[in-house]
Amino acid sequence: MIEVPAPRRPQGEEFVASRIVSELEKELLWGQYHAELPEIEDLLDRLVRRKHRVLDTFSAFKGSVNVTRLWMENLNNLREIKILLAQSKAYKQIEPPHYTSTRPRTTPRRK
């Protein structure tokens, strides 16, 4: 026997439509806010690329490579932070306003 599901409620379709519009608006705002933040790649120019001589020790060379890798890791973290900052600003822009509660206080005020 085949069971037919109950008809959908129109409120559900309105909710889904408003959610999709909110997500599209958030994506558009994200791009705008991301472009407003400073460029992370500008920090790449500050990395000092050191030329090694043959007489340098292996440990000095390895230390220089480790410093470069550390800077690259920091730059990757900053890129991620830039993305998250833009996303959070976009979410904040489209979220509905929060209203203060009009309920009475349950705890007495201190004098």
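Look up: the structure comes first, before these words.
Presented here is an overview of the structure given in this document.

The rules behind the values
- Residues numbered from 1 in each chain as written.
- Predicted model: local features only at pLDDT ≥ 70, side-chain atom pairs only at ≥ 80, totals over all residues.
- Heavy atoms only, no water.
- Helix = DSSP H or I, 4+ residues; strand = E, 2+ residues; numbered from the N terminus.
- Buried < 20%, exposed > 50% of the residue type's maximum accessible area, 1.4 Å probe, protein only.
- Contact = heavy atoms within 4.5 Å.
- Areas by Shrake-Rupley, 256 points an atom, 1.4 Å probe, with all protein chains shown as cover.
- Salt bridge = Lys/Arg side-chain N within 4 Å of Asp/Glu carboxyl O.
- Patch = residues over 30% accessible without salt bridge, like charges linked within 9 Å, V, L, I, M, F, W, Y side chains within 5 Å.

**As for the overall build of the protein chain**
Point 1. If you tally the helices and strands in the protein chain, you get 2 helices and 0 strands.
Point 2. Burial status across the protein chain gives 9% buried among its 111 residues.
Point 3. Pairs at least 24 residues apart make up 88% of the contacts formed inside the protein chain by residues separated by at least 6 positions.
Point 4. Counting only carbon and sulfur atoms, one obtains 59% of the accessible surface of the protein chain, whose full area is about 10700 Å².

**Regarding the side chain of Lys26**
Point 1. The residue Lys26 is located in helix H1 (residues 10-36) in this model.
Point 2. Here Lys26 falls in the buried class, since its relative accessible area comes to 5%.
Point 3. Apart from the residues within four sequence positions on either side, Lys26 is in contact with Ala90, Tyr91 and Ile94.

**Thoughts on the environment of Tyr33**
Point 1. Within the secondary structure, Tyr33 sits in helix H1.
Point 2. Residue classification places Tyr33 among the buried positions, given a relative accessible area of 9%.
Point 3. Separated by 55 residues in the primary sequence, Tyr33 and Ser88 have C-alpha atoms spaced 9.6 Å apart.
Point 4. Not counting residues up to four positions away in its chain, the partners in contact with Tyr33 are Ala86, Lys89, Ala90 and Gln93.

**Some words on the pattern of salt bridges**
Point 1. Counted according to the given criterion, the structure contains 6 salt bridges.
Point 2. Glu27 is the partner of Lys26 in a salt bridge, and the nearest nitrogen-oxygen pair spans 2.7 Å.
Point 3. For Glu27, a relative accessible area of 43% translates into the label partly exposed.
Point 4. Here Lys89 and Glu36 are joined by a salt bridge, their closest N and O atoms 3.9 Å apart.

**Quick look at a nonpolar patch on the surface**
Point 1. On the surface, a cluster of nonpolar side chains totalling about 410 Å² of accessible area is made up of Phe15, Val16, Ile20 and Leu24.
Point 2. Relative to the assigned elements, Ile20 resides in helix H1.
Point 3. The exposure class of Ile20 is partly exposed, given its relative accessible area of 48%.

**Description of the environment of Met72**
Point 1. Structurally, the position occupied by Met72 is in helix H2 (residues 58-94).
Point 2. Spatially, the C-alpha atoms of Met72 and Leu43 are 9.9 Å apart, while their sequence positions differ by 29 residues.

**Things to note about the side chain of Lys82**
Point 1. Examined against the element boundaries, Lys82 turns out to sit in helix H2.
Point 2. Look at Lys82 and you get buried, because its relative accessible area is 7%.
Point 3. If we ignore the near neighbours within four places in the chain, the residues touching Lys82 are His34, Leu37, Pro38, Glu39 and Ile40.

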